[in-house]
Amino acid sequence: MSAIVVLLAGLVAMALGYFIYSKFIAEKIFQLDPNFRTPANEFEDGVDYVPTNKFILWGHHFTSVAGAAPIVGPAIAVIWGWLPAFLWVIFGTIFFAGVHDAGAIWASVRNRARSIGAVTGDVIGARARSLFMIVIFLVLLMVNAVFAVVIANLLIANPSAVVPAWGAILVALIIGQMIYRRRTNLLTVSIIGVVALYGLILIGPMVPISLPESFLGLPQNSLWILILFLYAAIASLLPVWVLLQPRDYINGLQLFIGLGIVYAAVLIGNPTMVAPAVNPDVPAGTPSLLPLLFVTIACGAISGFHGLVSSGTTSKQIKNEKDVRFVGYFGAVGEGSLALAAILATSAGFATLAEWQALYSSFGAGGVNAFVQGGANIVSAGLGLPQDIAVTLLTVMAVLFAGTTMDTGIRLQRYIMQEWGTIYNIPALRSIPVATVVAVGACVALAFGAGGLDGSGGLLIWPLFGTTNQLLAGLTLLVITVIIVRLGRPMWFTLIPLAFLLTMTTYALLIQLVSFYNDGNWFLLFLDVVILIAAILVLLECVGVLRKHLRERDARQSTG
Amino acid sequence: MSKGDRPDRQDRSGSPNRGDGRAWLEQARHFAEEFYFGRYRSTIARARRDQDDLFMLLVFSEMMGVPNPATYYTLELQPLLLERFHDWHRRMGMEHSPLDHFRCC
């Protein structure tokens, strides 16, 4: 089958979702009101609350939520064949992610733009709020550990990307200085930054760098992981304008360029979907598609992390409540299109089925490297770029996404640590260096604890990360559903996704529990149990709060 | 070029002065700047405020009983900081100025 057909089918379906389904949700369920005075207008202060043009806001929102996760998830899930992954990404984006993301912004806008965690405290209760914090902490912990492993693997597999991937940090540092110290025009800076980044990608293959096979008894893999965490710790301590801000900016530009390159290459080269639509003989040890597919692809189909971005910053800048639909729902569509690109690269980027099967030899084996290899084949065939440069380009794209997420993730984790230091009165934890060391230490422990010193187990965490991310999405959907029930509107459009998510996550956790037990992986077994407890608490919270509100609604209806 | 001009194009697709390159460039720059600064506006404002508070502490240290060898010079700066001082003590939860010699309200 031609990849163009799959690409167009996906894009048309998501476009229909935006034009028809999101219109219905916005008008009938959320009932967005253009005359509602949004917090951005009400509390406008030029700092936090700034009424912002919806296209700019969409750009912020999309680049904040899009990262390496919508690439890693689909790239692993293609092992079951491309069709299940494709269907989950498309339907997930239309009926789950779009409603969830727009709903989180809407719920926050209607609650003085407070974060979804705070809104949870108000709408459901303090217990749900604590649960929220714990789940967020777990998500961050896992995302940092997994991404360190992903980047390490990529840098080992593609030494040509080492120079551009680290050089991008230098480019960001210089851009930051140019903007704040020299006050250079931002358009000039953008051009310089992009040219420098892509210049580095051209140079990369000429100067491949590999770490020594073993150093101080540590294999190459662990060395990269340690270096990455050391970097992330330092980066999280620097003022944001020095590194994080310019790095995010360059990364945002690169996201659009990279996405454009992959889509253009597919359209020009018209590769064939080599991977089977549904894989009849999955490698031994691959877990069953149901329910694992639904937690392997979290970002790209539905991700709780988006709710944090939606309610933390985006909602404070919504100029008109009507914009919620475009920013939230279309943001999810953007993320879905990134996941779609990952599916295309991993299933159409190979010459023969045997080549594809060799990469997907076991569960978790294909992953991002398949994205890089397949994507590079498509790009070099479609756009005529030399193979080694195409490989470097795709590797840098994935590394930069994962790296930026790590930078932010470690910083957020430090904030949580400091907050816990204040709540539980542990003065040491309140200090920035201690909180950073504890945050990074926990991530390193997880990256190595999952599968030994070579960090190979890091990717075993991936489905657990997806599960936790879905739980977070479940909590947000619960808040939205409760608000909708209180308003006396139909709740099925959020309740069905919520029920589906909770069923799949709990089911996946139980399946993984058995497999970790059989493998004797006690560390992950423990983590699984912790998440399972959180999932059960979320489930109980859902049943309890919904029953209460439905009873209240019935009582109101019978009296009124 | 910058992605800031993506929405720009959509925004102005129907506008009559499309040929006006300078205005277009200006608009693109505006979008790029919003894109660069918007996301971190509050973080940077907060960091800046912390620095300003430290500076204020230096300027008013003598009044609070902390000896400061540079008082002779910082004295001159006090009137300039009047407005900011007022904001500061309100932010710190004090209704009125805590300093006897420095009444702003």
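These figures come from a predicted structure and were not determined experimentally. (Residues numbered from 1 in each chain as written. Chains lettered and ligands numbered in written order. Predicted model: local features only at pLDDT ≥ 70, side-chain atom pairs only at ≥ 80, totals over all residues. Heavy atoms only, no water.)

Peer 1: Explain the overall build of chain A to me, using residue names and the numbers behind them.
Peer 2: Each helix and strand counted, chain A has 22 helices and 2 strands in total. For 560 residues, the compact-globule formula gives about 24 Å, and the C-alpha radius of gyration of chain A, at 23 Å, lands near that figure. The principal-axis extent of the C-alpha atoms belonging to chain A is close to 75 × 60 × 50 Å. In chain A, which comprises 560 residues, the share counted as buried stands at 61%. Taking the intrachain contacts of chain A between residues at least 6 apart in sequence as the baseline, contacts between residues at least 24 apart amount to 84%. Positive and negative side-chain charges of chain A, numbering 27 and 24 respectively, have mean locations separated by a distance of 12 Å. (Helix = DSSP H or I, 4+ residues; strand = E, 2+ residues; numbered from the N terminus. Rg over C-alpha atoms; globule rule 2.2 N^0.38 Å. Buried < 20%, exposed > 50% of the residue type's maximum accessible area, 1.4 Å probe, protein only. Contact = heavy atoms within 4.5 Å. Lys, Arg positive; Asp, Glu negative; His and termini not counted. Charge placed at Lys NZ, Arg CZ, Asp CG, Glu CD.)

Peer 1: Pulling in residues and values, what's your account of the interface of chain A and chain B?
Peer 2: Chain A puts 33 residues into the contact, and the matching count from chain B is 26 residues. For the chain A and chain B pair, buried surface summed over both sides reaches about 2700 Å², with 68% attributable to carbon and sulfur atoms. In this assembly, chain A and chain B are joined by 2 salt bridges. Linking B:Arg39 and A:Asp248 is a salt bridge whose minimum nitrogen-to-oxygen distance equals 3.0 Å. Our count for the contact surface shared by chain A and chain B stands at 6 residue pairs in polar contact (both at pLDDT 80 or more). Elements with a minimum of two residues in the side of chain A that touches chain B: α3 (54-65), α8 (162-180), α9 (186-203) and α11 (244-269) of chain A. Per-element accounting of the side of chain A that touches chain B gives the leading share, 8 residues, to α11(A). (Buried area = accessible area lost by both parts, 1.4 Å probe. Salt bridge = Lys/Arg side-chain N within 4 Å of Asp/Glu carboxyl O. Polar contact = N/O pair within 3.5 Å; in protein donor to acceptor, adjacent residues only side chain to side chain.)

Peer 1: Describe the environment of B:Arg103, and please don't skip the residues or the numbers.
Peer 2: Residue and element names in this part refer to chain B. Mapped onto the secondary structure, Arg103 falls in the segment after α5 (82-91). A relative accessible area of 51% places Arg103 in the exposed class. Along the sequence, Arg103 and Phe55 sit 48 residues apart, while their C-alpha atoms lie 19 Å from each other. Setting aside residues up to four positions removed in sequence, Arg103 forms contacts with His96 and Ser97.

Peer 1: How would you summarise the pattern of salt bridges if you had to cite specific residues and measurements?
Peer 2: Residues and elements named next belong to chain B. A full pass over the atoms with the stated rule returns 11 salt bridges over all chains. A salt bridge links Arg29 to Glu33, with the nearest nitrogen and oxygen atoms 2.8 Å apart. Here Glu33 and Arg29 lie together in helix α2 (residues 21-37), a separation of 4 residues that amounts to about one turn. Residue Arg29 is classed as partly exposed on the basis of its relative accessible area, which comes to 24%. Taking relative accessible area as the criterion, Glu33 reaches 27% and is therefore assigned partly exposed. The salt bridge involving Arg41 is made with Glu34; its shortest N-O contact spans 3.0 Å. Both residues of the pair, Arg41 and Glu34, belong to the buried class. Residues joined by salt bridges that share partners form a network here, namely Glu26, Arg29 and Glu33.

Peer 1: Give me unusual backbone geometry: which residues, what numbers.
Peer 2: All names here are of chain A. That bond from Leu290 to Pro291 is cis: its omega, 10°, falls within 30 degrees of zero. For Gln31, which is not glycine, the phi torsion reads 50° and is therefore positive. Among the structural elements, Gln31 can be located in the loop between α1 (3-29) and α2 (39-42). Look at Gln31 and you get partly exposed, because its relative accessible area is 38%. Although it is not a glycine, Asn270 sits at a positive phi angle of roughly 45°. Locating Asn270 in the fold gives a position in the loop between α11 and α12 (289-296). The exposure class of Asn270 is partly exposed, given its relative accessible area of 37%.

Peer 1: So, the packing of aromatic side chains: which residues are in play, and what are the values?
Peer 2: Residues and elements named next belong to chain A. All chains considered together, the criterion is met by 38 aromatic pairs over all chains. Aromatic pair Phe43 and Tyr49: ring centres 5.4 Å apart, planes at 65°, arrangement edge-to-face. Exposure remark for Phe43: the relative accessible area of 32% places this residue in the partly exposed category. With a relative accessible area of 17%, Tyr49 lands in the buried category. Judged by centre distance (4.9 Å) and plane angle (75°), the rings of Trp88 and Phe294 are edge-to-face. Linking Trp88 in helix α5 (residues 82-109) with Phe294 in helix α12, this pair joins segments that are 206 residues apart in sequence. (Phe/Tyr/Trp six-rings, centres within 6.5 Å; stacked < 30°, edge-to-face > 60°.)

Peer 1: Give a detailed account of the environment of A:Leu16, specifying residues and quantitative values.
Peer 2: Relative to the assigned elements, A:Leu16 resides in helix α1. Distance from A:Leu16 to A:Thr506, taken between C-alpha atoms, is 31 Å for residues 490 residues apart in sequence.

Peer 1: Account for the packing of α8(A) against α11(A), naming residues and giving values.
Peer 2: Residue and element names in this part refer to chain A. The N-to-C vectors of α8 and α11 enclose an angle of 110°; their axes lie 8 Å apart at closest approach. Relative to α11, the element α8 lies roughly perpendicular. Between α8 and α11 the crossing geometry is right-handed. Across the interface between the two elements, Ile169, Ala172, Ile175, Gly176 and Tyr180 from α8 touch Gln245, Pro246, Arg247 and Ile250 from α11. When grouped by side-chain class, the residues that make up the contact of α8 with α11 number 6 nonpolar, 2 polar and 1 charged. (Axes fitted to C-alpha atoms, helices over the stretch in contact; angles between N-to-C directions. Parallel < 35°, antiparallel > 145°, perpendicular 65-115°, else oblique. Left-handed = near helix turned anticlockwise from the far one by under 90°. Nonpolar A, V, L, I, M, F, W, Y, C, P; charged D, E, K, R; others polar.)

Peer 1: Residues and numbers for the confidence of the model for chain A, please.
Peer 2: Summing up the model confidence of chain A, the mean pLDDT is 91 and the portion of residues at 70 or higher is 98%. Of all the helices and strands in chain A, strand β1 (residues 214-215) of chain A carries the lowest mean pLDDT, 80, while α1(A) carries the highest, 97. (pLDDT = per-residue confidence, 0-100.)

Peer 1: Kindly report on α9(A), identifying the contributing residues and their values.
Peer 2: In this model α9(A) runs 25 Å from its N-terminal to its C-terminal C-alpha over 18 residues, within 8% of the 26 Å that 1.5 Å per residue would give. Buried-residue contacts for α9(A) involve α8, α11 and α17 (387-423) of chain A together with α2 of chain B. The N-cap of α9(A), judged by a side-chain oxygen 2.7 Å from the amide nitrogen of A:Leu187 a few residues on, is A:Asn185. (Expected span 1.5 Å × (residues − 1).)

Peer 1: Please set out the side chain of B:Ser42 residue by residue, giving values where relevant.
Peer 2: Residue position: B:Ser42 is located in helix α3 (residues 41-60). You can call B:Ser42 buried: its relative accessible area is 16%. When neighbours within four sequence positions are excluded, B:Ser42 is seen to be in contact with A:Val47 and A:Asp48.

Peer 1: Provide a residue-level description of a nonpolar patch on the surface, including the pertinent values.
Peer 2: Residues and elements named next belong to chain A. A cluster of nonpolar residues, Leu8, Val12, Leu16, Phe19, Ile20, Leu267, Ile268, Leu383 and Leu385, forms a patch on the protein surface that exposes about 840 Å² of accessible area. Mapped by element, the contributors of at least two residues to the nonpolar patch are α1 and α11. By residue number, the principal contributor to the nonpolar patch is α1, which donates 5 residues. Examined against the element boundaries, Leu8 turns out to sit in helix α1. (Patch = residues over 30% accessible without salt bridge, like charges linked within 9 Å, V, L, I, M, F, W, Y side chains within 5 Å. Areas by Shrake-Rupley, 256 points an atom, 1.4 Å probe, with all protein chains shown as cover.)

Peer 1: Give me the packing of helix α7 (residues 126-157) of chain A against α17(A): which residues, what numbers.
Peer 2: Residues and elements named next belong to chain A. Axis separation between α7 and α17 bottoms out at 8 Å; the angle between their running directions is 145°. Considering the relative orientation of α7 and α17, their crossing is left-handed. The residue makeup of the contact of α7 with α17, split by class, is 20 nonpolar, 6 polar and 1 charged.

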